[in-house]
Amino acid sequence: MHDEAPLRDLLRLPVGKPVDLSAYDTGATPGGPDSKAAGLADTARLGKELAGLQERLWAAATAGDRRRILLVLQGMDTSGKGGTVKHVIGHFNPAGCRIHAFKSPTREERQYDFLWRVAKELPRPGEIGIFDRSHYEDVLIAKVRSLAPVGEIKSRYVRINGFETSLTGNGVTVIKCFLHISRDEQLRRLLKRLDTPHKRWKFSPGDIDERALWPAYQGAYETALTRCATPAAPWHLVPADHKWYRNWAISRLLLECLRELDPQYPAADYDVEECRALLLAEEG
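This section reports on the structure supplied with the text. (Residues numbered from 1 in each chain as written. Predicted model: local features only at pLDDT ≥ 70, side-chain atom pairs only at ≥ 80, totals over all residues. Heavy atoms only, no water.)

**Details of the layout of surface pockets**
Unoccupied space between atoms shows up once a probe the size of one water molecule is rolled over them.
And step 1. Its volume calculated, the second largest pocket comes out at about 260 Å³.
And step 2. Residue lining of the second largest pocket: 16 residues in total, with Arg8, Thr173, Val174, Ile175 and Glu260 positioned closest to the centre.
And step 3. Among the residues making up the lining of the second largest pocket, the classes are represented as nine nonpolar, three polar and four charged. (1 Å grid on protein atoms, 1.4 Å probe; cavity = no way out; pocket = protein on both sides within 12 Å on 5 of 7 lines; lining within 4 Å. Points joined across faces, edges and corners; volume = space filled by probe spheres on them. Nonpolar A, V, L, I, M, F, W, Y, C, P; charged D, E, K, R; others polar.)

What follows is the structure, encoded as structure tokens:
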């Protein structure tokens, strides 16, 4: 089924134009299956092809192919960054993945440029890297909470663009996804965490403080999505009120990328028939 319209074209935010998040429906399902059941079934189908292509990417690296993928997941609390890792990346062989969840910088990390800790976690050739939050925290929470001077924040947008452009020039395909959730849906998910004993570990009283800053975060995201959308590393806005659609959409985005890369298993660098004969001779 390679004749589907590219989802990346539907979800890609325009480059060079201001982003107004209120103009995008968080409950929409652009390009998606017509029901949750159909979406879950199709996500499972996509998972099988994703697994095969990921193995080919990993195998190709053993023969010198330096290509890799970096999936950047950003979004408000409860938008589903962790859920995406569980339900989408779960299809892959862990040996070929590099997953990192960025938290507040450590004392050591604060001694370096904000991109220092990010560069350490980049995927290696053949790998699919997944950032649960990323270098964008340094222009999001840092802006909302005034953790850096205004001039420093402005310079970071430029440095991020340069950093991502350098990645794409060195064999890294960057897929940036903003998981767009509504404030009402966030409230439902936070309440569910409180009402479900085995989900309470995901909740922090600090989530209430962050939620109170919703307008400021929306503004910070709009600025980041506007200033850091480039032809080399565009942003994709994924409506995230429906978890099934979020998982389906990111699966499709990854699949479109891997199909385009079309990695190949490397040819054997040894004499296959000779090795076959030697193995059979041992049995004789």
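**Let's talk about the environment of Cys177**
And step 1. Relative to the helices and strands, Cys177 is located in strand β4 (residues 172-180).
And step 2. Through-space distance from the C-alpha of Cys177 to that of Val238 is 6.5 Å; in sequence the pair is 61 residues apart.
And step 3. Setting aside anything within four residues of it in sequence, one finds Cys177 in contact with Leu71, Val72, Leu73, Gln74, Trp235, His236, Val238, Ile250 and Leu253. (Helix = DSSP H or I, 4+ residues; strand = E, 2+ residues; numbered from the N terminus. Contact = heavy atoms within 4.5 Å.)

**Topic: the nonpolar core**
And step 1. Among the nonpolar cores identified, the biggest contains 38 residues, and Tyr136 and Trp235 are the most heavily contacted of them.
And step 2. If you list the elements that add at least two residues to this core, you get β1 (68-75), α5 (141-144), α6 (150-168), β4, α9 (214-227) and β5 (235-239).
And step 3. A total of six residues in this core trace back to one element, the largest contributor, which is α9.
And step 4. Grouped together as the second largest cluster of nonpolar side chains are 32 residues, Leu50, Ile69, Ile175 and Cys257 included. (Core = buried A, V, L, I, M, F, W, Y, C linked by side-chain atoms within 4.5 Å. Buried < 20%, exposed > 50% of the residue type's maximum accessible area, 1.4 Å probe, protein only.)

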